[in-house]
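Spelled out from the first residue to the last, the chains are:
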Amino acid sequence: MPALSPTMEEGNIVKWLKKEGETVTAGDALCEIETDKAVVTMESSDDGVLAKILVEEGSKNVRLGSLICLLVEEGQDWKQVEIPADGSDPSSLAPPAPVLTSTPAGPSVLFPPKLDREPGKLLVRLSPAARNIVETHGLDPSNITPSGPRGIFTKEDALKLLQEKHKGKPSELKPVVSPALPQPTAVPSASQATAVTSAYPRPAVPLVSTPGQPAAPGTFTEIPASNIRRVIAKRLTESKTTIPHAYAVADCDIDAILRLRKELAKDDIKVSVNDFIIKATAVTLKQMPDVNVTWDGEVCRQLHSIDISIAVATDRGLITPIIKDAAAKGIKEIAASAKALAKKARDGKLLPEEYQGGSFSISNLGMFGVNDFTAVINPPQACILAVGRARAELKIVEDEEGNEKLKQHQLMTVTLSSDGRVVDDGLASKFLETLKANIENPMRLALC
């Protein structure tokens, strides 16, 4: 398993493009691998014959460096290939699953260390007062149906159980389910789910729903997280907990951009408002290079190339393909690049060099009707611009004769999130002021 991105730690085998026994040459596509960023085609680095596929399609979380297939030279008997010891057992490619045994340490996997429960006994949620009574008098709370909310065993239940014990009368027992000790990943059967939910209005540990069966109260469905989703979660948490975010907001008048779009459309040049935003941001970064920076944890790096990362929502999560050297491109070229990159991102066909790096990010939710929002910085970048929708508002203006009147304008809210370690509030405010001027006067963009 090769490292197909700088942050990749494991990958998923999506599809094998060659079969065992097929001849391959250097550069041939062997398989498709889902990395933490996208689905990437793995190419063969040598000529030969694909002798053995060790990791089948659909395999998840295959660690870097793990053996996934074997190539032999042409002319060799590929059917008699010797499989290395570390690659003979596919289970060695993933961390071993925990195995429950009958040793005393076994119950600690399923139950809290405080409770010494026998296998097959159901856990009971105790109130603090009830717990004290139960532990003091050695009572078994599983022998009576809890009366508290959400299946909690209350003080009254404990006193009732104690009273029955002192009278020597058998308490009103509830049915006790004694299933075999389950594996941690096992899905309970419908009968088990019914028994548990009938004993407790709300189980202490929600049950996993059974495919093909009606959902029982308190059940849930586990949705496996893709590599991309796990990396997004990790990086967002890292960003919000380690980067001092600062925010600045501005309303931009986009009437001039809308008029220019109409003029370009007459010549069959189709560009979006977002394309103008990308160009205006790139020009502003060229005018203010102190904002075109990254922070690597030790030093601030001012980048010479202005590479704009544009956020694209996909079924697998958010990814940010890059329009490189955006300040040197025209609006029409930016529009074509943005459209092509967005399509490749949604199809999972981005190359590593098309989403790695970038000096500044833009996230636009205007097409979803969002007025304004704040975005999370994509480290090691120092800034991200959140773009809202265009909205009509009335504004007081003066006519040629100096008379005041109301006029409708199309306004758009942009919010700059900046890393306070490298872009202070003054610099961020100046950047936003310059960006607003460039957006409201799009003819300036042609001069840069």
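Just above, that's the structure.
Before going into details, it helps to say that this report is about the structure given with it. (Residues numbered from 1 in each chain as written. Predicted model: local features only at pLDDT ≥ 70, side-chain atom pairs only at ≥ 80, totals over all residues. Heavy atoms only, no water.)

### With respect to the sheet that holds strand β3 (residues 29-34)
Strand order in this open sheet of four strands is β4-β3-β1-β6, and the pairing throughout is antiparallel. With partners counted over all chains shown, the strands left at the sheet margins are β4 (39-43) and β6 (62-63), one partner each. Bridge analysis of strand β1 (residues 10-16) against β6 gives two bridges, and the strand direction is antiparallel. From the neighbouring strand, E10 faces β6, where its bridge partner is R63. Lying over the sheet, helix α6 (residues 227-242) contacts β1 and β3, oriented at roughly 155 degrees with respect to β1. (Pairing = 2+ DSSP bridges. Helix = DSSP H or I, 4+ residues; strand = E, 2+ residues; numbered from the N terminus. Contact = heavy atoms within 4.5 Å. Axes fitted to C-alpha atoms, helices over the stretch in contact; angles between N-to-C directions.)

### Some words on unusual backbone geometry
Geometrically, the link from P379 to P380 is a cis peptide bond, its omega value of 10 degrees lying close to zero. Topologically, P380 is positioned in the loop between β19 (360-364) and β20 (383-398). The backbone of N61 shows a phi angle near 55 degrees, a positive value even though the residue is not glycine. Locating N61 in the fold gives a position in the loop between β5 (48-53) and β6. Given the relative accessible area of 28%, N61 is considered partly exposed. In this structure, D268 is a non-glycine residue whose phi angle is positive, near 60 degrees. Inspection of the secondary structure puts D268 in the loop between α7 (255-266) and α8 (273-287). The class of D268 is exposed, set by a relative accessible area of 60%. (Buried < 20%, exposed > 50% of the residue type's maximum accessible area, 1.4 Å probe, protein only.)

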